[in-house]
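# A look at the structure
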Amino acid sequence: MNLLKRLAIDGGTPVRRTFLPYGRQKILPEDVREVTRVLRSSWITTGPKISEFENVVAKSVGARHAVAFSSGTAALHGAVFAAGLGPGDEAITSPLTFCATANCLLYQGATPVFADVEPDTLTLDPKAVNQVVTRRTKAILPVDYAGHPADLDVLLRLAKRHGLVVIEDACHALGARYHQRPVGGISHMTVFSFHPVKHITTGEGGLVATNDSHLAGRLRRFRSHGINIDAHARRQKGDWIYDMMDLGYNYRLTDMACALGISQMRRLTNNLKRRREIADHYAYDLSGMPGLSLPSVRQDVDPAWHLYPIRLDLDRIRGGRKAVFRALWAEGIGVNVHYIPVYFHSYYRKRFGDRRGLCPVAEEAYERLISLPMSHAMTLYDARDVSRAVRKVMAAYVR
Ligand SMILES: Cc1ncc(COP(=O)(O)O)c(C=O)c1O
């Protein structure tokens, strides 16, 4: 067989010589300049860049308040605290997410209750949520999986009926739009992450957006030891008095990170555009290919394309997902799997018992999912390499 046709895993020539990771950051000289400027100033943390960054993000996502945190995980923890959840309380969330979405409930002594996802978008199914609401339920934590917003209007109506807080995990969805509104000003609190694989980065970093000034005050205190006034504000007031009102943490984001975030936010629109171009390319090049199906997009939704998760038709693939995954890696394509259902992890099994079968839609999807590379650092040539490699691998494995 011709070396170009033979799979790299079987000794053929790989589609790419340089490995393409599933996601990565893009740092430009102007980012370096902004960070350096802060490094040369007198405030490298808890200074003026924090509120500047928060204002830029709040405006972009259509929220009245934004509170920056040292990570998306810390921001989720802050949101659970601000919502007042504690021991004995339950919150309903999706199992098809990064474990931080559920862990943040455990940090506060609350219990995550997993409800199944919708078969098309793999976001929290409002009907499944409705079935597990109890007297102890205090919050719903939908996840905007892969950048596609959950069905927020329906979930918010359900939350209102039961008096629940909606904490939206939008760590995948900065810049997404739902029914003509940006994600960020819709739920009671919306959480973003600025990890390097996300739409913009601050290295590590996160943020909670909210329209509620009371929640914003609680969030601000929580990220800095529960103290009512930060060091920069104290300096400006010329005062030493502060009060620790709640038990908080040091979850502050530095001014260096915020300077990087401000600079990156100037390119958010371009970053989203590139991600959409890549999604369009995959949809065009891979649609109708035997053995796989592409992610669906609901009407009146504009996803932020953090991930591009395809689903394999396992009945038609020799060797199953593992064979396809390994073959794509050998071709130089850094695919990944998002996500192992949270309650499959050994910590959750030890603590809550074996819950296999609890959310059949999420579990069946997990077996079939593969995320293709998706990042604004990719070129359209990179995207073409991905679809070429998928075609090559599927031609070899589909029965
Ligand atoms: C859905 C989801 N929630 C929460 C997080 C946690 O964010 P961070 O890594 O910024 O702590 C992530 C991170 O990838 C995520 O994908």
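The structure under discussion appears in the preceding block.
Quick caveat: nothing in here was measured; it's all calculated off a predicted structure.

What counts and how
- Residue positions within a chain follow its written sequence, with the count starting from 1.
- This being a predicted model, a pLDDT of at least 70 is required before a residue's local features are given, and a value of 80 or more before pairs of side-chain atoms are given or counted; all residues contribute to the totals for chains, interfaces and linings.
- Only hydrogens and water are set aside; all other atoms, that is, all heavy atoms of the structure, feed into the side-chain values.
- By the convention used here, strands pair only if DSSP detects at least 2 bridges between them.
- By the criteria applied, helices consist of DSSP H or I runs no shorter than four residues and strands consist of E runs no shorter than two, each listed in order from the N terminus.
- Inter-axis angles, ranging from 0 to 180 degrees, are taken between N-to-C directions of lines fitted to C-alpha atoms, where helices are fitted over the stretch in contact.
- Any pair of residues with heavy atoms lying within 4.5 Å of one another is described as a contacting pair.
- Whenever a nitrogen or oxygen atom comes within 3.5 Å of another N or O atom, the pair is scored as a polar contact, on the condition that within protein one atom can donate a hydrogen and the other can accept it, and that pairs from neighbouring residues in sequence are kept only if both atoms are in side chains.
- Only rings of Phe, Tyr and Trp enter the pairing, Trp through its six-membered ring, and a pair is recorded when the two centres are within 6.5 Å. The plane angle decides the type: under 30 degrees is stacked, over 60 is edge-to-face, the rest tilted.
- For this description, a residue counts as near a given molecule or strand if any of its non-hydrogen atoms is within 4 Å of it.
- Under this grouping Gly is polar, as are all residues other than the nonpolar Ala, Val, Leu, Ile, Met, Phe, Trp, Tyr, Cys and Pro and the charged Asp, Glu, Lys and Arg.
- Under the convention used throughout, the expected extent of a helix is 1.5 Å for every residue step, that is, one less than its residue count.
- Partly exposed residues are those whose accessible area sits between 20% and 50% of the maximum for their type, while under 20% is buried and over 50% is exposed, using a 1.4 Å probe and protein chains only.
- Salt bridges are defined as contacts in which a side-chain nitrogen from Lys or Arg sits within 4 Å of a carboxyl oxygen from Asp or Glu.
- For this analysis, a nonpolar core means a set of buried residues of the types Ala, Val, Leu, Ile, Met, Phe, Trp, Tyr and Cys, connected via side-chain atoms within 4.5 Å.

## Considering the sheet that holds strand β1 (residues 65-69)
Taken in spatial order, the seven strands make up an open sheet running β1-β9-β8-β5-β4-β2-β3, and their pairing is mixed. Of all strands in the sheet, those with a lone pairing partner are β1 and β3 (111-114), marking the two edges. Pairs of neighbouring strands in the sheet enclose a mean axial angle of 25 degrees, with direction left out of account. Summarising the sheet, strand β8 (residues 189-193) and strand β9 (residues 206-210) pair through four bridges and their orientation is antiparallel. Its bridge partner lying in β9, Phe192 is registered against Leu207. Where helix α3 (residues 72-82) meets the sheet, it contacts β1, β5 (165-169), β8 and β9, and its direction lies at approximately 165 degrees from that of β8. Helix α7 (residues 213-222) contacts β1, β8 and β9 of the sheet and is inclined by roughly 15 degrees relative to β1.

## With respect to the side chain of Ser375
Among the secondary structure elements, Ser375 is positioned in the loop between β13 (369-372) and α14 (380-397). Side-chain polar atoms of Ser375 contact the backbone nitrogen of Ala377, separated by 3.1 Å. Beyond its immediate sequence surroundings of up to four residues, Ser375 is in contact with Tyr22, Gly23, Arg24, Arg274, Arg275 and Ile278.

## A short note on the packing of aromatic side chains
The full count for this structure, using the stated rule, is 17 aromatic pairs. Both rings, one in Phe114 and one in Tyr348, keep their centres 6.1 Å apart while their planes meet at 70 degrees; by these two values the pair is edge-to-face. Of the two residues, Phe114 is situated in strand β3 and Tyr348 in helix α12 (residues 346-352); the sequence distance between them amounts to 234 residues. Each residue in the set Phe114, Tyr343, Phe344, Tyr347, Tyr348, Phe352 and Tyr366 is aromatic and connected to the rest through ring pairs, giving one cluster.

## Brief notes about the site of the ligand
Around the ligand, 15 residues are found, and the nearest of them are Gly72, Thr73, Asp169, Ser193 and Lys198. With respect to the ligand, the side chain of Asp169 contributes an N or O atom lying 2.7 Å from a nitrogen atom. Here an oxygen atom of the ligand and a side-chain polar atom of Lys198 are 2.8 Å apart. When contributions to the shell around the ligand are tallied by element, the ones reaching two or more residues are α3 and α4 (100-107). Residues that form the shell around the ligand fall into these classes: five nonpolar, eight polar and two charged.

## Description of helix α10 (residues 268-286)
Turn by turn, an α-helix covers 3.6 residues, leaving residues three or four places apart pointing in a common direction. The end-to-end C-alpha separation of α10 is 27 Å, in line with the 27 Å expected for 19 residues at 1.5 Å each. Burial in α10 covers these residues: Leu268, Asn271, Leu272, Arg275, Ile278, Ala279, His281, Tyr282 and Leu286. Of the surrounding secondary structure, the elements contacted by the buried residues of α10 are α2 (48-61), α9 (255-265), β10 (292-293), β12 (308-312), β13 and α14. With its phi angle positive at about 80 degrees, Gly288 sits one or two positions after the end of α10.

## Side note on the pattern of salt bridges
Across all of its chains, the model carries 25 salt bridges by this definition. Between Arg16 and Asp385 there is a salt bridge whose closest N-O contact spans 2.9 Å. Of this pair, Arg16 sits in the segment before α1 (29-39) while Asp385 sits in helix α14; the two residues are 369 residues apart in sequence, bridging distant segments of the chain. You can call Arg16 buried: its relative accessible area is 11%. Of the charged contacts in the structure, one is a salt bridge between Asp31 and Arg267, with a shortest N-O distance of 2.9 Å. Within this pair, whereas Asp31 is found in helix α1, its partner Arg267 is found in the loop between α9 and α10, the two being separated by 236 residues in sequence. Across this residue pair, the class does not change: Asp31 and Arg267 are buried.

## Focus on the nonpolar core
Counting 32 residues, the largest nonpolar core has Tyr282, Leu372, Val390 and Met394 as the members making the most contacts within it. A total of seven residues in this core trace back to one element, the largest contributor, which is α14. Each residue touching Val390, except ones within four places of it in the same chain, is listed here: Leu286, Met289, Leu292, Leu328 and Leu372. Judged by nonpolar contacts, the second largest core, of 27 residues, contains Ala74, Ala79, Leu105 and Ala216.

## Quick word on unusual backbone geometry
Cis geometry marks the peptide bond from His338 to Tyr339, where omega comes out at 5 degrees. Structurally, Tyr339 is set in the loop between α11 (320-330) and α12. The phi torsion at Ala146 lies on the positive side, around 65 degrees, for a residue other than glycine. Here Ala146 is to be found in the loop between β4 (137-141) and α6 (152-162). Although it is not a glycine, His225 sits at a positive phi angle of roughly 65 degrees.

## What about α7?
Those residues of α7 that fall on the buried side of the exposure criterion are Leu215, Ala216, Arg218, Leu219, Arg221 and Phe222. Taken together, the buried residues of α7 touch β1, α3, β8 and β9. Two to three positions downstream of the cap, the backbone nitrogen of His214 sits 2.8 Å from a side-chain oxygen, assigning the N-cap of α7 to Asp212.

## Let's talk about the sheet that holds β13
Across a sheet, paired strands are connected by hydrogen bonds in the backbone, their directions being either parallel or antiparallel. Pairing is antiparallel in the open sheet, where three strands are placed in the order β10-β12-β13. The sheet is open, and its two edges are formed by β10 and β13, each paired on a single side. Sheet analysis places β12 next to β13, joined by four bridges and oriented antiparallel. Across the sheet, residue Arg311 finds its bridge partner in β13, namely Leu369.

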